[in-house]
Amino acid sequence: MTRFGSRSPVAVEEDSTATVAVPRKQFRPGPILVMIVILAVATGLRVWALGAIGLNSDEAVYAGQAASLAGDDTLSSLFPIFRAHPLLFQTVLSVGFLGGVSDVGARLLSVGFGLGTIIVVYLLGFRLYGRKAGLVAASILAVMPYHVIVTRQVLLDGPLTFFAVLTFYCVARFCLERSARWLYSAAAVLGLAVLTKEIAVILLLAVVAFFLLRHDVRVSARQILVGAGITLVIAAAYPVSLLFSGRIGTGQNYLLWQLFRRPNHSLAFYGVEMPAAVGPAVLVLAVGGLWFLRRQHSWRETLLLCWVLLPLGFFEVWPVKGYQYLLPAAPALVLLAARAITRTSFSWRHLRTALIAVVLLSLAVPSWLAVNPAPSATYLAGSGGVPAGREAGRWIKDNLPLGGNVMTLGPTMANLVRFYGNRKAYALSVSTNPLRRNPSYEPIDNPDRQLREGGFSYVVWDAYSASRTPFFSEQLMGYVEKYHGIALHTETLNISGVSTPVIIVYEVRP
Amino acid sequence: MIRCLLVAGLLVLGQPGTAVAGQQTTTPIEHFVVMMQSNHSFDSYFGTYPGADGIPADVCMPHSTDNLSADRCVKPFRLGDQSPSDLDHRPATQRAQYNDGKMNGFVEAFRKNGRDGTNTMGYYDGADLPYYWNIADRFTLFDKFFSSALTGSRLNHFYWVAGVPTPTGGEEVPPGGYGDIPTIFDRLRERGLPWKFYVEHYDPKGAGEATKVPLLNFQRFRNDPELASRIVDLSEYDRDLSAGTLPAVAYVVTSGSSENPPSRIQAGQSLVRNMTSELARSRYWSNSAFLLTYDGWGGFYDHVAPPKVDEHGYGFRVPALLMSAYSRRGHVDHTQVDYTSVLKFVEDNWKLAPLGSRDAASANLFSAFDFTSPPRPPELLDITRQPVVSTGRAWLVVYLSYAFALLAAATCVVVPIAVRRRNR
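All values reported here derive from a predicted model rather than from experimental measurement.

Bringing the overall build of chain A into the picture now. When helices and strands are tallied, chain A shows 24 helices and five strands. Since a compact globule built from 510 residues should have a radius of gyration of about 24 Å, the 24 Å found for chain A is in line with a globular shape. For the C-alpha atoms alone, the extent of chain A along its principal axes is close to 80 × 55 × 45 Å. If you take every contact in chain A between residues at least 6 apart in sequence, the share linking residues at least 24 apart comes to 76%. For chain A, the centre of its 43 positive side-chain charges and the centre of its 26 negative side-chain charges are spaced 13 Å apart.

The next subject is a nonpolar patch on the surface. A contiguous nonpolar surface patch, about 540 Å² in accessible area, is contributed by A:Trp48, A:Leu361, A:Val365, A:Trp368 and A:Leu369. Along the chain, the position of A:Leu369 falls in helix 19 (residues 351-371).

The subject of this paragraph is the interface of chain B and chain A. Every contact between the two is made by 34 residues of chain B and, on the other side, 47 residues of chain A. Between chain B and chain A lies a buried interface of about 3,200 Å² when both sides are counted; carbon and sulfur atoms form 63% of it. Across the chain B-chain A interface, the total number found is three salt bridges. For B:Asp382, the salt bridge is made with A:Lys424, and the minimal N-O distance between the two is 3.8 Å. Remark: the boundary between chain B and chain A carries eleven residue pairs in polar contact (both at pLDDT 80 or more). When residues of the side of chain B that touches chain A are traced back to their parent elements, those giving at least two are helix 11 (265-281) and helix 14 (394-423) of chain B.

All names here are of chain A. Strand order in the open sheet formed by five strands is 2-1-3-5-4, with mixed pairing between adjacent strands. The open sheet has two edge strands with one neighbour each: strand 2 (425-427) and strand 4 (486-495). Across the sheet, the mean angle separating the axes of adjacent strands is 25 degrees when strand polarity is ignored. When strand 3 (residues 458-462) meets strand 5 (residues 498-507), the two strands line up antiparallel, connected through five bridges. By the bridge assignment for strand 5, Val 459 is matched with Tyr 506. Each of strand 1 (406-408), strand 2, strand 3 and strand 5 touches helix 21 (residues 411-421); the most contacted strand, strand 2, lies at about 175 degrees to it.

Here is what the cut-offs are and how they apply
Residues numbered from 1 in each chain as written. Chains lettered and ligands numbered in written order. Predicted model: local features only at pLDDT ≥ 70, side-chain atom pairs only at ≥ 80, totals over all residues. Heavy atoms only, no water. Helix = DSSP H or I, 4+ residues; strand = E, 2+ residues; numbered from the N terminus. Rg over C-alpha atoms; globule rule 2.2 N^0.38 Å. Contact = heavy atoms within 4.5 Å. Lys, Arg positive; Asp, Glu negative; His and termini not counted. Charge placed at Lys NZ, Arg CZ, Asp CG, Glu CD. Patch = residues over 30% accessible without salt bridge, like charges linked within 9 Å, V, L, I, M, F, W, Y side chains within 5 Å. Areas by Shrake-Rupley, 256 points an atom, 1.4 Å probe, with all protein chains shown as cover. Salt bridge = Lys/Arg side-chain N within 4 Å of Asp/Glu carboxyl O. Buried area = accessible area lost by both parts, 1.4 Å probe. Polar contact = N/O pair within 3.5 Å; in protein donor to acceptor, adjacent residues only side chain to side chain. Pairing = 2+ DSSP bridges. Axes fitted to C-alpha atoms, helices over the stretch in contact; angles between N-to-C directions.

Rendered as structure tokens:
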């Protein structure tokens, strides 16, 4: 086993209580070249046709917030700075927006975090299981459809995953070296993770659970207090900025709503969606490795299992399920799979290489298909942009009068009209009941009256929202008919050889 | 044959109603729509508008000009959603309010006649007139727009179309009508330029509109079918916009949507919003202008003493707003103008001869336009007054907070590495 990592920390840290002798560094071009290839492939998958489809709803919101922070005159009136989540990613993005707002530019920042995650996964794999495991883990993550898809989008989950891996890297270093400085580093990075998306507190629970479960990894009360203090001080940037901006209620309203809202997916959601996204082979290897290598079980596997199971358990219980929410746990699965591959003894010497090739191929093919999607009118939320949403938004920007309020079917299209069309847009499907709606959204109190009084001059129907809310689609088209709607513009997609309208912009008048 | 076809073609092009104004204007404005609303002073609508010559801070209108007691006066107050009953705005009232230019008889003018007079000091603000104030924010507001005559709806409307006083110099219509006094529409007709007079809820057989539509007191505009066909119901405005038949010059008067007290001002705003929104959504936006003004001060307080230009005027200031692709954005125009400036604009823009001495000497509204810049894109304004969205210091707070967090985290991560290296 140790022949791949004879110079890795694994060899010097069999007794978890021992002080680690850090290996001397020697320049080894092989792994570096392999990492360069891995990163090149990862970059290719993440930037290929990056701007082919415009932003989706969440991406538009985060990019809009960043534009507001950057002082964009138009978007700042359409996207308030404070909305639902902390603003670390948006703040970093806003710096790039000082030179101009760009949807592809925003996605490149996500890609950057994705590539950074692959590097840190390599480092963590190297520390836990040796260099080869690190390289295998990095290569799996580089081509994993789940990570590829999410880190191509302007979402918080990609950066959150980066900070999550970095946090566990620091925890692993603490376990290996028993230096409290690494624990404090982990606490600091965890603070940044919370500032990226508040749900990162789950990772804190995972770390705590790990320390509670592993008595062989001792942490003093003082270390815990100092670490917790560091996390709190750093994460305090979020409430402090809300407080000094007079928007302290914003975060509270959103948390309350998330706690008591109706579930948006069934309990089977992750069971159905995740295996294909993570890769069945990765799951099988991770679980199989845990079973077949159970005699080698150490704190490392406990750490990785806590990292996977806490978020999984939390989001199963939490009423809100998002495609991308489990991404921070994916690197742990990758590391477990890499462990299985590199630590299992194979009778045929080339079997390991063949297995690695098969696993990578099984991931790379769906990833490639995912970045070259067939035209569809109904994408899964969070898994890609809305078809033709950007083009419709830009048409609106170029052709509709300034100040023309737009009624859309759902909030997704409303966000796109705001971001690309620079027009105020409100969604028909947003409930007027404050208990039933995302506090970030403004409802239309009386759509009929507002149309009659000229409050809305334009109505946008889109196939994506219509497939999700057929009731409101019917209602919207009823208004279009009642208020003499004239189709001004239609976006069509060629779906299975048939030109299918996916977005229609109507002009209405009382 | 060819000659016949050419002649026929020229005849068709020369027909009123055909949009051939194209190269005939001195400015990019090829369509000018002017709406005359009723009875409000400038201060009653825009007296508190920032940047305009509005209500003086310390004004308190005395009950009596003989006793300028500080405790017996009426301060300007916001009317809000109230619509006061119609205030007296006859000549005697105007003279008493004017008080030889002292502008301190606004309340006394009513109290002398046993009326309360408090409402003369009432005004509306942006919360009550959101759409008009939004226009002022985005386009042009005139704060030196005077009614042409001291008083009298008929007289002021007459100035609006003919640039001269009525033959009687007052509200009376001579038995034979206004005779052959030329109007701006005659000038337009002579040049073959299309025009229309839109009347809200127009009844060609009714006589009620004659005050607001002075043309109905001219025999020729009543009896000549071609001329009479130019006076139409306001519903044709939308049809003309969509059909591409908006005339070069269009006058508009209201009835049901009149803002004449005690009518609700919201109805007038709604009508103006519909008309300007339709204009913005039409093919005419980039070569048109929409002017809204009022036919008199309606008895409401205004603090600016009108200049005396002749025995008939000026009267008190009235509100006036200009909306066009060439309007100066958020501009308060201080040029001294009156209804004859509308005529002057039409005359200068379409190279027509003046109708009288007043319009010949008048400013032509060009100061409110910026013809050196390309046309502004069309804009639909809110019917509500949106607070100005300001991120205030939020961005600074966010940058400082998160920069501190990043710095603190970097310190925690980098220090162990640095210490470790040093120990080596």
